[in-house]
Amino acid sequence: MVEALQSPAQATYWLISGQTLFVTLNLLGLACFAYIVTKRLTPLMRGERDIRFDRPFIRLERFLQFWLGQWKHPRYRVAGTIHIFIFAGFILLATRAFSLLILGMSENFALPGSSVGIGHVYEIIADYAATIVFLCMIAAAARRINFRPARYEVPAKYGTGHKIDAIFLLSLIAILLFSESLFEASKAASLAQQGHTEFLATFSMAWVLQSALSSESLSTLWNLHRGAYLLDVLTFYFLLCYRPFGIQFHVETSLFNVYFAKLDRGTVKPVRWGVTEEHLDQVKSFGVKAFEDFTWKHMLDFYSCADCGRCSDNCPANAVGRPLSPRFLTIKARDYSFQHYPMFGARGNGTALIGGIYSEDEVWSCTTCGACEEECPLLIEYIDKIVDLRRGLVDDGNVPKSIQKALKALEGRGNPYGKMEKKRADWARAEDFLATCDVKVLNGKKTAGTLYFVDSITSYDDRIQAIGRATARILDNVGNDFGILGAAEKDSGHEVRRFGEETLFMALRDNNVDAIKASNVQRIVTADPHAYNALKHDYKDVPPVEHISQVIAREVKTGNLKLNPVENQDNVYAYHDPCYLGRHNQVYDDPREVLDAIPGLRRVEMSRCRDRSFCCGGGGLMLFYEPKEEQRMGVKRVQMAAEAGANVIVTACPFCMVNMEDAIKVAGMEGKMTAIDLAELVAQQMVSNSPTDESSADRLAEADRLVTA
Ligand code: SF4
Ligand code: SF4
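Residues numbered from 1 in each chain as written. Chains lettered and ligands numbered in written order. Predicted model: local features only at pLDDT ≥ 70, side-chain atom pairs only at ≥ 80, totals over all residues. Heavy atoms only, no water.

**Q** Now, about the site of ligand 1: what can you tell me, with residues and values included?
**A** Around ligand 1, the neighbouring residues are C315, P316, L324, P326, C366, T367, T368, C369, G370, A371 and C372. A class-by-class count of the residues in the shell around ligand 1 yields eight nonpolar, three polar and no charged. (Near = heavy atom within 4 Å. Nonpolar A, V, L, I, M, F, W, Y, C, P; charged D, E, K, R; others polar.)

**Q** Give me the domain arrangement of the protein chain: which residues, what numbers.
**A** How big an interface is tends to be stated in terms of accessible area lost as the parts join. Each assigned domain of the protein chain is listed with its residue range as follows: domain 1 (8-259), domain 2 (277-398) and domain 3 (403-685). For domain 1 and domain 2, the distance between their C-alpha centroids amounts to 32 Å. Each partner contributes residues to the interface: domain 1 has 41 residues there, and domain 2 has 45 residues. Counting the surface lost from both domain 1 and domain 2, the interface buries some 4000 Å², and carbon and sulfur atoms represent 55% of this. For R52, the salt bridge identified is with E381, shortest N-O distance 2.9 Å. Applying the counting criterion to the domain 1 and domain 2 interface returns 24 residue pairs in polar contact (both at pLDDT 80 or more). Elements with a minimum of two residues in the side of domain 1 that touches domain 2: α2 (18-46), α3 (56-68), α4 (77-103) and α9 (250-259). When residues of the side of domain 1 that touches domain 2 are assigned to their parent elements, the largest contribution, eight residues, is made by α2. (Domains from an automatic or database assignment. Contact = heavy atoms within 4.5 Å. Buried area = accessible area lost by both parts, 1.4 Å probe. Salt bridge = Lys/Arg side-chain N within 4 Å of Asp/Glu carboxyl O. Polar contact = N/O pair within 3.5 Å; in protein donor to acceptor, adjacent residues only side chain to side chain. Helix = DSSP H or I, 4+ residues; strand = E, 2+ residues; numbered from the N terminus.)

**Q** If you had to explain the sheet that holds strand β5 (residues 482-484) to someone new, which residues and values would you point to?
**A** The strand order β3-β5-β4-β6-β7 describes an open sheet built from five strands, whose pairing is parallel. On the outer flanks of this sheet lie β3 (440-441) and β7 (545-547), each paired with one strand and no other. As paired strands, strand β6 (residues 523-526) and β7 are joined by three bridges and run parallel to one another. Across the sheet, residue I524 finds its bridge partner in β7, namely V545. Across the face of the sheet, helix α23 (residues 529-538) comes into contact with β4 (450-453), β6 and β7 while running at roughly 160° to β7. (Pairing = 2+ DSSP bridges. Axes fitted to C-alpha atoms, helices over the stretch in contact; angles between N-to-C directions.)

**Q** Any details on α2? Residues and values, ideally.
**A** The first and last C-alpha atoms of α2 sit 42 Å apart over 29 residues, in line with the 42 Å expected at 1.5 Å per residue. The largest bend along α2 reaches roughly 30° and is located at R40, with the proline P43 sitting one to four residues downstream. Of all the positions in α2, only G18, L21, F22, L25, N26, G29, F33, I36, V37, R40, P43 and L44 are classed as buried. (Expected span 1.5 Å × (residues − 1). Bend = angle between axes of the 7 residues up to and from the residue. Buried < 20%, exposed > 50% of the residue type's maximum accessible area, 1.4 Å probe, protein only.)

**Q** Kindly report on a nonpolar patch on the surface, identifying the contributing residues and their values.
**A** A cluster of nonpolar residues, F57, L60, L64, L68 and I91, forms a patch on the protein surface that exposes about 500 Å² of accessible area. Per element, the largest residue contribution to the nonpolar patch is four residues, and it comes from α3. Locating I91 in the fold gives a position in helix α4. By relative accessible area, I91 is classed as partly exposed at 39%. (Patch = residues over 30% accessible without salt bridge, like charges linked within 9 Å, V, L, I, M, F, W, Y side chains within 5 Å. Areas by Shrake-Rupley, 256 points an atom, 1.4 Å probe, with all protein chains shown as cover.)

**Q** Requested: an account of the pattern of salt bridges, with residues and values cited.
**A** This structure, assessed with the given rule, holds 52 salt bridges. Taking the shortest distance from any N to any O, the salt bridge between R265 and E374 comes out at 3.1 Å. Placement of R265 in the loop between α9 and α10 (296-304) and of E374 in helix α15 (residues 371-375) is noted, with a sequence separation of 109 residues between them. Judged by its relative accessible area of 36%, R265 falls in the partly exposed class. Residue E629 pairs with R322 through a salt bridge whose shortest N-O separation is 2.8 Å. Of this pair, E629 sits in the loop between β9 (602-604) and α26 (633-643) while R322 sits in the loop between α12 (316-319) and α13 (326-340); the two residues are 307 residues apart in sequence, bridging distant segments of the chain. The partly exposed category is assigned to E629, whose relative accessible area is 27%.

**Q** Tell me what's going on with the site of ligand 2, and back it up with residues and numbers.
**A** Ligand 2 sits among 13 residues. The nearest are C305, C308, C311, C376 and Y382. The residue makeup of the shell around ligand 2, split by class, is nine nonpolar, one polar and three charged.

**Q** Could you give an account of the packing of aromatic side chains, with specific residues and numbers?
**A** Taken as a whole, this structure holds 30 aromatic pairs when the rule is applied. Summarising the aromatic geometry, the rings of F22 and Y229 are spaced 4.6 Å apart at their centres and angled 90° between planes, so their arrangement reads as edge-to-face. Remark: Y229 occurs in helix α8 (residues 218-242) and F22 occurs in helix α2; sequence separation between them is 207 residues. You'll find F22 and Y229 in the same group, each marked buried. A ring pair is formed by F291 and F294, whose centres lie 6.0 Å apart and whose planes are at 75°; its orientation type is edge-to-face. For F291, a relative accessible area of 1% translates into the label buried. Residue classification places F294 among the buried residues on the basis of a relative accessible area of 1%. Pairwise contacts between aromatic rings join Y13, W14, F22, F183 and Y229 into one cluster. Its guanidinium or amino end placed over the ring of F245, R40 lies 5.1 Å from that ring's centre, counting from NZ or CZ. Over the aromatic face of Y13 sits the side chain of R226, whose NZ or CZ is 5.5 Å from the ring centroid. (Phe/Tyr/Trp six-rings, centres within 6.5 Å; stacked < 30°, edge-to-face > 60°. Lys NZ or Arg CZ within 6 Å of the ring centre and 35° of its normal.)

Pasting the structure below:
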């Protein structure tokens, strides 16, 4: 009996030998799994090309960090900790699970090293791992049933929740772990009755079960032993084959999804991978219109989503009630794929995505802020998919009217306002400014080492021009030999590209690249994070670019730029990270270091700061588009600043400034809150002979007055 207990291969199940039964079950299980996975991979084979086999070492490093190291999970402490325990347990238990499967086919099978010290240590660790994962399953199920976080909820417009499915899967895993422990415990109890000792980790589930079974008869223990084994094998294969039908498919796909994840922040995918810009005219249709227009990697994203809701929990569009929730962009596409690529029978006819599963408003609602991508533990991508869906809409002429006007103006005049090119440098000709700072226009006759790339909003918006003048003053004050392109500069095209108008973007970019090259500058500085991102990631062959906050931080550090103390030390400042400076380009510290270098300045952090910053409401063309929403993003943001105890919001982006000042008015916080750009603040505080820009001085004076009052 003792010998028989050691391997289920020697048992008999309904007159069939254990070995025959388990060879059959293993073959059947693997065949079913292979069939299901092949079916699931069919759409990926039909999807668009995507180049993801480059830079293997970087990919491996990220794989180790984000997949094996579960790097992003602790961002949600409770759920993240539970997940890390479950994941680590799975990794540890995988070896035992596979060796158990072989045991049913080969009675003498033993893993190499299992009978020596390391094997015993592994068994003890595995016993504890099984126990911890089992308890985590109960905790996760309880969380789903009783303490369900709001982010798991499924609004009625997105269908029904996945609670039952999630609990069913958690139960299956719990059964698997229980059956493995019972298998071990029954064997250990049986051996103990015959005077042999098999060590089980104290207080582990197997140990508890062994204690409970110690007085059972040998035949009962034998029946439990072989029954537990059969249950284990059946549950294992059921789980394996069931997972590709729902969110648990991410267990298999996440490994590949993380390895093949996008490597370059701030970039946008090309219209078609492998098609050069010169050959774009041969592309029949731009963007994504049908499901198969997504790339294979984007389809893999759909399968890899764990439905944890973190993306939507951080999405500003979702927070203000716009018709967009990134989580459901993925879930809807996955459901579509399952429906149109069924396990049996013919493929579906394929409905158009827009109007079928997505609405136009949904696609236009995204600000491309990147909060969803930053949060997703599985590195699922959203911005490229949204841009591709927009490219499809633009290609079909389905562009919101308000944006059509801006696009037309960009095409004709190189700026979304439709203003004259020759007026582009007027901001630098304001009389009081000109008297103190003469900005060179690099038109071939004049040269400079640095180009200040101004971009459209700073060039033409009356309020934002003050940021341009402040930037020029700072550059002048630190002795930088700089100039601007003037009428030769056109919009950077950053938002144009992200709104799906690739051809117009290319025209704007080519104009600017030619003008930059003709200016012979060695470096570029800009105060606009959108221009910064475009010049850094969307343009090729231009000199290196810096954001003005990086220049200021360096000059402050070297002592070349000195800052006066703030006049009113009762003011409390909060820095708002612009998405395209922070999340997309990781510039978080420089602006903070600059603020902290101003003597007497009191700074607080908003609860959502740095890589969790909350988008102000959309830069660029979002200023020309009124999405359906319950509240403005900017209003939410100024409320966050107030909650943090600040009365001055400092930002480092002209678009943020427009949105913040607007939001302060809409929120009725005029007189309680004010907004200022970092460059304006520095120009105000720097030790300089140049008089400060009146408008920014006025705003700070107003903040001072309010606090004093
Ligand atoms: S990029 Fe920003 S707005 Fe767009 S879906 Fe992601 S979080 Fe939402
Ligand atoms: S996309 Fe990522 S963050 Fe969003 S629900 Fe899926 S797994 Fe979670």
